[in-house]
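Summary of structural features
Residue strings, one per chain:
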Amino acid sequence: MLTCQPLTNHCFALLTALCLLLPIQLAHAEQPLIHHELIVTLYPDRHHIEVRDAIRLPEAWQSQKLSFLLSDKLQISAMEGRTMTDMARVVDPTQQGGFHTYQLAPYLPNEQEKQEKAPIPQLILRYSGKIESTMQQPVSGYRGGATISTGGIGEEGVFLGGGTGWVPYFEGALNHFRLTVIMPQGWRSLSQGKPLSHTQERDRMVDVWEAPHPTEAIYLHAGQWHRYKKQVTTRHGQQPLLLAVLLRQADEPLAQSYLQDTLDYINLYEDLIGPYSYDKFVLAENFWETGYGMPSFTLLGSQVIRLPFIRTSSYPHEILHNWWGNGVFVDYAQGNWSEGLTAYMADYLLQEHNHQGVLYRHTTLSKYAGFVRRENDFPLTHFTSRHDGASQAIGYGKGLMFFHMLRRHLGDKMFIQGLRSFYQQYRFKAASYADLRRTFEQISSMDLRPFFTQWTQRAGAPELELEATSIQPDGRGWRLNFTLLQKQPGAPYQLQVPLQVTLQGESQPQPLVIPMQRLNQTVSRYFSSRPERLDIDPAFDLFRTLHAGEIPPTLSALFGHPHILAVLPSKGPLAEQQALRRLVHAWGLSSVQDDQLTNLPTDQALWILGQHNRFREQALAPLRNQGVEVVHNQITLAGKPYELAKHSVVTVTRQGKQPIAWLSPQADQIDALIRKLPHYGAYGHLLFAGDSSENLLRGKWSQTQYPLSVVFDAQGQASTAQSAPTLAPELSLTAP
Ligand SMILES: [Zn+2]
């Protein structure tokens, strides 16, 4: 099962377009609030929008010069309440579109207005323009990148978000609003806030929304949907909550199962964190493939919405963003903590409930090892949103491991208390890692500065090694000695290293935690019985760089490698040879033909391409102990034979540290493989149907080396363990 959905992204990508333009330095104190009274008419057939926005600015701003941004696709036809002094074009560095910046003179009341104490006038803007949809299906790059779109207006649907610049944007302020949307018959709109009405007026539909809570960006989505709804009361809710599912094609069973899931997840997160902040939650089917989480609604693409695993991964993730990201906002200038925390409490936690927590953490660490090098690493405080495998492995992966270690450091009860307090204190305000630290310090009375500093402000990870393990009789019992080393460059990390010791005659190992402050630490412990086995961090509770032997080879090692060589076949069907050239070109790989090499190079990650590649055997031989074999054009994978002529096959192995993949494709499916394979980074072998490129099999190799585990024989001789450790069952995080 996929543990991370490559198709998903979050609203933050849209905000980032603006963040890049003008880095927002959000004050932690109260942010100024702006009220918008918006009347919007949408003309989807002409990609056109007309807006009247009556803006109530903070009183303190009235005597100041002001500036705001608006999309350069929109033209202002009238302005009341202020005088424009200048206008300039700003180029968006993300090239998603341009903006105009408008300068306004201060408001200076004349004598009569002063004497009459006339109310300060609103700033009223009328503007209109054509915003065409620039939607594209996310295009996968070799390193897992995806394009983002800032939205548009068209007959397939309307999406206007923060990055579109469709509402005047005043830096550093939050917004609340009332929004009237006028649309063609049969259309419906969706925004954050409460739906006040949905009526037909002559041949047009009119929706009214009210959003009383502060929000960073104002969203307007519209389409022709089938609507399914349910009024519910959550376990902690005072008010009835409206749940709705909006689908482009009628599908009652799908809608009903989502409505039930929505209620279950909102109950789960209310139990863990605190009350849900909004009056409704809507799942809307988007008109391109997304996984966006907005305040009180989510937009999932038509394919995503129907993938069964989404309901236990992306869907709770988007719902949880109503607490983290859209409940407590992110102070982006100091690092986006919300993705790590949301991934930890949604994607990860549901796996932990299924007793798959260890596997999830191992996969998370494997991705970090696969994608992140010294050159592309950065601290968590520099993460804003993901744009490739490395930024995802840091912002989501290291982020979630940070919260896992914090939870272990504090204990479950204090961890939950801290999160509740953080939510209560910072709801509808921007917060940073420093705010998280202060909250957890208040709850725990601990000094958490060293912990937060090393994990959020430092790039990289500790690399642990185990040395000089021995046991010897000691009085009536035994003494276990070993040395733990930190091999990463730079200062030592302050670690609480979890380990376990299995004693003779005992079925369950004894768990221990060893504090480690130095690069080199010798440990000596007395036990009443003879130790038979020692395992350092056996459940992957520490964020650390895994040893090559701890990571069964996966495709991510190839997709993240800085030096990659593709070896093309000189033999085999012409169509296959041409298809493989296309793949090499599409992925931008260096290549060489197999007949030009005597030996394979050893300093690059290798793609051995083609069923008849002369180096095929070298890519497959190391997998024999995993049951892989090619005999008479049949490959045996996971115990079953498959005909190579009817399937596309990928296997990954490793020689020392060098990852080597073999791909035997069906030539006419090459475009699908080019697109799909970068999304299967977590796997060691893949099998696709030859005629449809449907994935038939995906799997991971079993781990065969345990460099941080040692076994002792009856004579006390130590050797590296060859089998997996026995792990105590984990208790899942639940509300205390
Ligand atoms: Zn997210």
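Residues numbered from 1 in each chain as written. Predicted model: local features only at pLDDT ≥ 70, side-chain atom pairs only at ≥ 80, totals over all residues. Heavy atoms only, no water.

The name recorded for the chain in an unreviewed UniProt entry is Peptidase M28, from Magnetococcus marinus.

**Observations concerning the pairing of strand S3 (residues 66-71)**
The condition that has to hold: Working definition: with a 1.4 Å probe on protein chains only, accessible area under 20% of the residue-type maximum means buried, over 50% means exposed, and in between means partly exposed. The secondary structure listing takes helices from DSSP runs of H or I that are at least 4 residues long and strands from runs of E that are at least 2 residues long, numbered from the N terminus. DSSP-based pairing: two strands are paired if at least 2 bridges between them are found.
For S3, a buried count of 5 out of 6 residues is recorded, marking the element as mostly surrounded by other parts of the structure. As paired elements, S3 and strand S6 (residues 98-104) share 6 bridges and run antiparallel to each other. Paired with Ser 67 across the two strands is Gln 103, which belongs to S6.

**As for helix H7 (residues 357-371)**
Heads up, the rule is: Expected helix span is computed as 1.5 Å times (number of residues minus one). Contacts were defined at the residue level, with two residues in contact if any of their heavy atoms lie within 4.5 Å.
Between its first and last C-alpha, H7 extends 21 Å over 15 residues, near the 21 Å set by a 1.5 Å rise per residue. When you tally the buried positions in H7, you get 11 out of 15 residues, the bulk of the element. Turning to H7, its buried residues number three or more, namely Gly 357, Tyr 360, Arg 361, His 362, Thr 363, Thr 364, Leu 365, Ser 366, Tyr 368, Gly 370 and Phe 371. Each element contacted by the buried residues of H7 is listed here: helix H6 (338-353), helix H8 (389-410) and helix H12 (556-559).

**Description of the pattern of salt bridges**
Short version of the rule: Think of a salt bridge as a Lys or Arg side-chain nitrogen and an Asp or Glu carboxyl oxygen that are within 4 Å of each other.
The tally for this structure, following the rule as stated, stands at 21 salt bridges. Of the charged contacts, one joins Arg 407 and Asp 412 as a salt bridge, the two residues approaching to 2.9 Å between their closest N and O atoms. By relative accessible area, which is 5% here, Arg 407 ends up buried. Take Asp 412: its relative accessible area is 32%, and that puts it in the partly exposed class.

**Concerning the pairing of strand S24 (residues 495-503)**
Residues in a regular strand project their side chains so that they alternate between the two faces of the sheet. The buried fraction of S24 is high, at 8 of 9 residues. As paired elements, S24 and strand S25 (residues 510-516) share 7 bridges and run antiparallel to each other. Looking across to S25, one finds that Gln 496 is bridged to Pro 515. Taking the residues between adjacent antiparallel strands as the criterion, S24 and S25 are bridged by 6 residues, where Gly 505 takes a positive phi near 85°. Here S24 pairs with strand S27 (residues 531-536) via 5 bridges, running antiparallel.

**Looking at the environment of Ile 218**
Mapped onto the elements of the fold, Ile 218 is located in the loop between strand S13 (204-215) and strand S14 (220-223). Overall, Ile 218 belongs to the buried group, its relative accessible area being 4%. Along the backbone, Ile 218 and Trp 166 are 52 residues apart, and their C-alpha atoms lie at a distance of 8.6 Å.

**Remarks on the sheet that holds strand S26 (residues 520-527)**
Our working rule: Fitted lines through C-alpha atoms give the axes, limited to the stretch in contact for helices. The angle between two N-to-C directions lies from 0 to 180 degrees.
Taken in spatial order, the 3 strands make up an open sheet running S22-S23-S26, and their pairing is antiparallel. Since the sheet does not close on itself, it has two edges, and those belong to strand S22 (464-474) and S26, each with one partner. Shown here is a sheet whose adjacent strand axes are inclined to one another by a mean of 15°, direction ignored. Note that strand S23 (residues 477-486) and S26 share 8 bridges and pair antiparallel. Across the sheet, residue Asn 481 finds its bridge partner in S26, namely Ser 524.

**Focus on the packing of H8 against helix H10 (residues 433-444)**
Here is the rule we go by: Roughly parallel refers to an angle under 35 degrees, roughly antiparallel to one over 145, roughly perpendicular to one between 65 and 115, and oblique to any angle outside these ranges. Helix crossings get a hand from a simple test, with the near helix turned counterclockwise from the far one by less than a right angle marking a left-handed crossing and a clockwise turn marking a right-handed one. Three residue categories are used. Nonpolar comprises Ala, Val, Leu, Ile, Met, Phe, Trp, Tyr, Cys and Pro, charged comprises Asp, Glu, Lys and Arg, and polar comprises the others, including Gly.
Between H8 and H10, the shortest axis-to-axis distance is 12 Å and the interhelical angle comes to 15°. Between H8 and H10, the angle is such that the two are roughly parallel. In this structure, the crossing between H8 and H10 has a hand that is right-handed. On H10, the residues that touch Phe 402, Phe 403, Leu 406 and Leu 410 of H8 are Tyr 433, Leu 436, Phe 440 and Ser 444. Looking at the contact of H8 with H10 residue by residue, the class counts come to 7 nonpolar, 1 polar and no charged.

**Structural notes on the sheet that holds strand S17 (residues 280-285)**
Taking strand neighbours across the sheet as the criterion, the 5 strands line up as S15-S16-S17-S19-S18 in an open arrangement whose pairing is mixed. Edge positions in the open sheet fall to strand S15 (226-232) and strand S18 (291-294), since each of these has one partner strand only. Ignoring which end each strand starts from, the neighbouring axes of this sheet average 10° apart. When S17 meets strand S19 (residues 297-300), the two strands line up parallel, connected through 4 bridges. By the bridge assignment, Val 282 is partnered in S19 with Phe 297. Sheet strands in contact with helix H3 (residues 252-272) are S15, strand S16 (241-247), S17 and S19, and its direction is about 145° off that of S16.

**Thoughts on the side chain of Thr 651**
Looking at the element boundaries, Thr 651 is found in strand S34 (residues 647-655). Among residues more than four places away in sequence, those in contact with Thr 651 are Leu 620, Leu 623, Ile 635, Leu 637, Ile 660, Ala 661, Trp 662, Gly 684, His 685 and Trp 701.

**Let's talk about the nonpolar core**
Definition in use: Remark: nonpolar core denotes a set of buried residues (Ala, Val, Leu, Ile, Met, Phe, Trp, Tyr, Cys) joined through side-chain atoms within 4.5 Å.
Membership of the largest hydrophobic core comes to 136 residues, with the highest contact counts inside it found for Trp 324, Trp 337 and Trp 607. At 11 residues, the largest contribution of residues to this core is made by H8. Grouped together as the second largest cluster of nonpolar side chains are 52 residues, Leu 57, Val 167, Phe 177 and Ala 217 included.

**A short note on unusual backbone geometry**
Phi at Asn 633 is positive, roughly 60°, even though this residue is not glycine. Structurally, Asn 633 can be placed in the loop between strand S31 (629-631) and strand S32 (634-637). Classification of Asn 633 by relative accessible area gives partly exposed; the value is 48%. A positive phi angle, close to 50°, is found at Ala 638, a residue other than glycine. In this structure, Ala 638 sits in the loop between S32 and strand S33 (640-643).

**A few points about the packing of aromatic side chains**
Selection criterion: Aromatic rings from Phe, Tyr and Trp, taking only the six-membered ring of Trp, are treated as a pair when their centres fall within 6.5 Å; an angle between ring planes under 30 degrees marks them as stacked, one over 60 as edge-to-face, and anything in between as tilted. Any Lys NZ or Arg CZ that is within 6 Å of a ring centre and within 35 degrees of that ring's normal is treated as a charge sitting over the ring.
Enumeration over the complete set of coordinates arrives at 40 aromatic pairs. Taking the centre distance of 6.2 Å and the plane angle of 55° together, the rings of Tyr 680 and Tyr 683 count as tilted. An aromatic cluster is present here, built from Phe 159, Tyr 219, Phe 287, Trp 288, Tyr 292 and Phe 297 joined pairwise through their rings. Above the ring of Tyr 258, the side-chain terminus of Arg 311 is found at 5.8 Å from the ring centroid. In this structure, Lys 700 is placed above the aromatic ring of Tyr 683, and the distance from its NZ or CZ to the ring centre is 5.9 Å.

**Structural notes on H8**
Under the 1.5 Å per step criterion, the end-to-end length of H8 is 30 Å for 22 residues, consistent within 8% with the ideal 32 Å. Following H8 by one or two positions, Gly 411 has its phi on the positive side, about 90°.

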